[in-house]
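# Breakdown of the fold
The chain contents come next:
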Protein chains: 2
Amino acid sequence: MVSTAGIIIIGDEILSGRTKDTNVNWIASELNNIGIRLIEARIICDDISTIVETINLFRNKFTYVFSCGGIGPTHDDITTESVAKAFNQKLEKNREAMRRLTLHFEGTNIEFNEARQKMAIIPVNATLIDNPVSAAPGYKIENLFVFAGVPKIMQGMFHTIINDLTGGKKLFSRTVSSNIGEGMIAKELERIEKKFLGIKIGSYPYFKPGSFGTSVVLRSEEEIQLDKASKEVLKAINNLGGNGKIYEEDQVDERNL
Amino acid sequence: MVSTAGIIIIGDEILSGRTKDTNVNWIASELNNIGIRLIEARIICDDISTIVETINLFRNKFTYVFSCGGIGPTHDDITTESVAKAFNQKLEKNREAMRRLTLHFEGTNIEFNEARQKMAIIPVNATLIDNPVSAAPGYKIENLFVFAGVPKIMQGMFHTIINDLTGGKKLFSRTVSSNIGEGMIAKELERIEKKFLGIKIGSYPYFKPGSFGTSVVLRSEEEIQLDKASKEVLKAINNLGGNGKIYEEDQVDERNL
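Okay, so let's go over this structure. (Residues numbered from 1 in each chain as written. Chains lettered and ligands numbered in written order. Predicted model: local features only at pLDDT ≥ 70, side-chain atom pairs only at ≥ 80, totals over all residues. Heavy atoms only, no water.)

## As for the pairing of strand β2 (residues 37–44) of chain B
Stated precisely, the cut-off is as follows: Per-residue accessibility, obtained with a 1.4 Å probe over protein chains only, is compared with the maximum for each type, and a residue is labelled buried under 20%, exposed over 50%, and partly exposed between these values. Only DSSP runs of H or I reaching four residues or more are called helices, and only runs of E reaching two or more are called strands; each is numbered from the N terminus. Paired strands are those between which DSSP finds at least two bridges.
Counting buried positions over the 8 residues of β2 of chain B gives 7, a clear majority of the element. In the sheet, strand β2 (residues 37–44) of chain A pairs with β2 of chain B via 5 bridges, with the strands oriented antiparallel. In the strand pairing of β2 of chain B, Ile44 of chain A is matched with Glu40 of chain B. Of the pairings in the sheet, the one linking strand β1 (residues 4–10) of chain B to β2 of chain B comprises 7 bridges and is parallel in character. Bridge pairing in β2 of chain B links Thr4 of chain B to Arg37 of chain B.

Right, dumping it as structure tokens:
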């Protein structure tokens with residue numbers, strides 16, 4: 001069975017355009033590498049009922065759910081309160097989290113005050129996720145992983161839990177980059193996708209000053225079939241009078257012009 | 001009444017991590033500038049029923065809905081088919097779109113073939129959105145704007161329809177950047193947010209080699225109140241022994257470390 005995932009990005013600052021989210025793409029790549037299919041990502045605002053609703057939908061729908069953001073010490077950090085509501089659980093000051101944070105602040109001139117102690121409060125049945133950057137832990141509850149929003153911290157947390165995830169076969173990919181238009185190759189791509197079962201073909205046009213073309217991306221769990229299909233795409237491109245080249249992994253990204 | 005918006009990003013290539021989405025942030029900033037509140041953004045896969053469901057939810061929930069991606073000529077471009085289903089409308093080869101595309105390909109060595117003609121097929125009641133980059137139009141149907149996924153094209157389309165959007169008051173923002181921890185200022189921020197009605201305060205910690213601090217972002221439609229509240233935040237930071245500086249607009253973004 002294929003493991004699936006959903007990502008929930010929590011934060012008004014993303015929706016206002018102030019902050020560029022980079023967490024979706026980073027997690028998406030990590031999941032892809034271990035054969036977990038990311039099915040949906042949502043960027044939602046700092047609103048408890050929206051967070052509760054999204055968590056409950058996702059945790060019932062996907063194998064794994066990852067949330068990013070809203071677990072800091074301030075009044076706008078409402079993720080933990082929402083998680084407790086979603087799982088119908090009580091919150092408690094976690095002893096191990098208190099210990100780690102106490103240690104972290106010892107010997108600094110930072111007071112481990114009430115606001116900071118809020119970061120040790122998590123749902124009763126949650127287990128801690130290490131924070132290798134700034135001590136305040138994330139946590140896991142059933143299939144939900146609650147991460148910080150700061151990319152470096154989120155990435156550290158993700159890497160401490162990655163071995164707990166059961167992936168499937170890695171999805172391999174090939175990119176056939178070509179100098180012909182998407183509309184020219186469309187029919188051939190449809191034919192080739194039908195011919196090779198289990199291979200998914202996407203096509204992405206690119207436009208640059210003085211040139212244009214199409215990147216055809218083929219994805220499959222079966223590498224041998226993937227190479228065969230990629231060669232057939234290249235042949236079709238050549239037959240249509242174009243030039244092309246097959247790239248082994250995802251080095252080309254013409255879409256971000 | 002405040003206008004709201006939702007964004008739908010359609011494409012497996014985003015969810016696989018191959019392509020970084022930049023459209024959410026770009027549209028979010030544009031909407032923020034004209035006083036439209038982006039409430040949610042979803043990144044969904046190339047699946048007709050998911051697209052239909054998301055469109056129908058969003059168009060009933062928000063003033064404006066913007067979709068990006070999936071309107072090209074190939075077999076994986078299924079947005080238009082999904083839009084027609086969501087609005088229960090028939091598709092037709094739009095005469096004006098055909099005219100524009102015919103003109104566009106005239107005098108080139110590109111054949112305006114069947115696949116490319118697919119880009120002229122839109123729902124019966126839709127109106128065209130200009131594509132200043134590559135001719136193939138987007139379209140509008142009721143409160144849904146259907147854009148291409150390629151950023152440059154999407155941006156061109158957005159700018160041709162921006163005058164059709166009814167915004168509200170622009171939301172002004174101030175960022176108070178400081179060298180004190182989030183946990184230290186938390187209580188004061190809560191107090192200040194309660195004191196100034198209509199002002200929303202978010203706080204974002206940052207960590208850099210050798211330093212850390214907090215960016216406090218205040219947002220409001222009322223610029224005078226906003227300046228007052230920002231000064232009170234700065235004063236609170238100083239009273240706590242820290243230094244800070246007020247930035248007029250969103251130039252600082254410590255979250256993308």
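Still more ground to cover, so stick around.
## Here we look at the packing of helix α3 (residues 48–61) of chain B against helix α4 (residues 79–86) of chain B
Between two packed helices, what matters for the description is the angle formed by their axes and the separation of those axes. Residues and elements named next belong to chain B. We count it as follows: Helix axes use the C-alpha atoms of the stretch in contact, all axes being lines fitted to C-alpha atoms, and the angles between their N-to-C directions lie in the range 0 to 180 degrees. Roughly parallel means an angle under 35 degrees; roughly antiparallel means over 145; roughly perpendicular covers 65 to 115; every other angle is labelled oblique. By the definition used in this description, the sense in which the near helix is turned from the far one sets the handedness, with an anticlockwise turn below a right angle giving left-handed and a clockwise turn giving right-handed. When checking whether two residues touch, look at their non-hydrogen atoms; a contact exists if any pair is within 4.5 Å.
Taken N-terminus to C-terminus, the directions of α3 and α4 make an angle of 50°; their axes are 9 Å apart at the nearest point. As far as their axial angle goes, α4 and α3 are oblique. α4 is crossed by α3, and the crossing has right-handed handedness. The residues of α4 that touch α3, namely those facing Ile48, Ile51, Val52, Ile55, Asn56 and Arg59, are Glu81, Ser82, Val83, Lys85 and Ala86.

## Looking at α4 of chain B
Residue and element names in this part refer to chain B. Among the 8 residues that make up α4, 6 are buried, leaving the element largely enclosed by the rest of the structure. Where α4 is concerned, the buried positions are Thr79, Thr80, Ser82, Val83, Ala84 and Ala86. Within two residues after α4, Asn88 carries a phi angle of roughly 55°, on the positive side.

## A look at the interface of chain B and chain A
Just so we agree on the cut-off: Buried area: the sum, over both parts, of the accessible surface (1.4 Å probe) that disappears when the two are put together. Salt bridges are identified by distance alone: a Lys or Arg side-chain nitrogen within 4 Å of an Asp or Glu carboxyl oxygen.
With 70 residues of chain B in contact, the opposing surface of chain A contributes 70 residues. Taking both partners together, chain B and chain A bury about 6000 Å²; carbon and sulfur atoms supply 53% of that area. Linking chain B with chain A are 4 salt bridges. Between Glu114 of chain B and Lys187 of chain A there is a salt bridge, with its nearest N and O atoms 3.4 Å apart.

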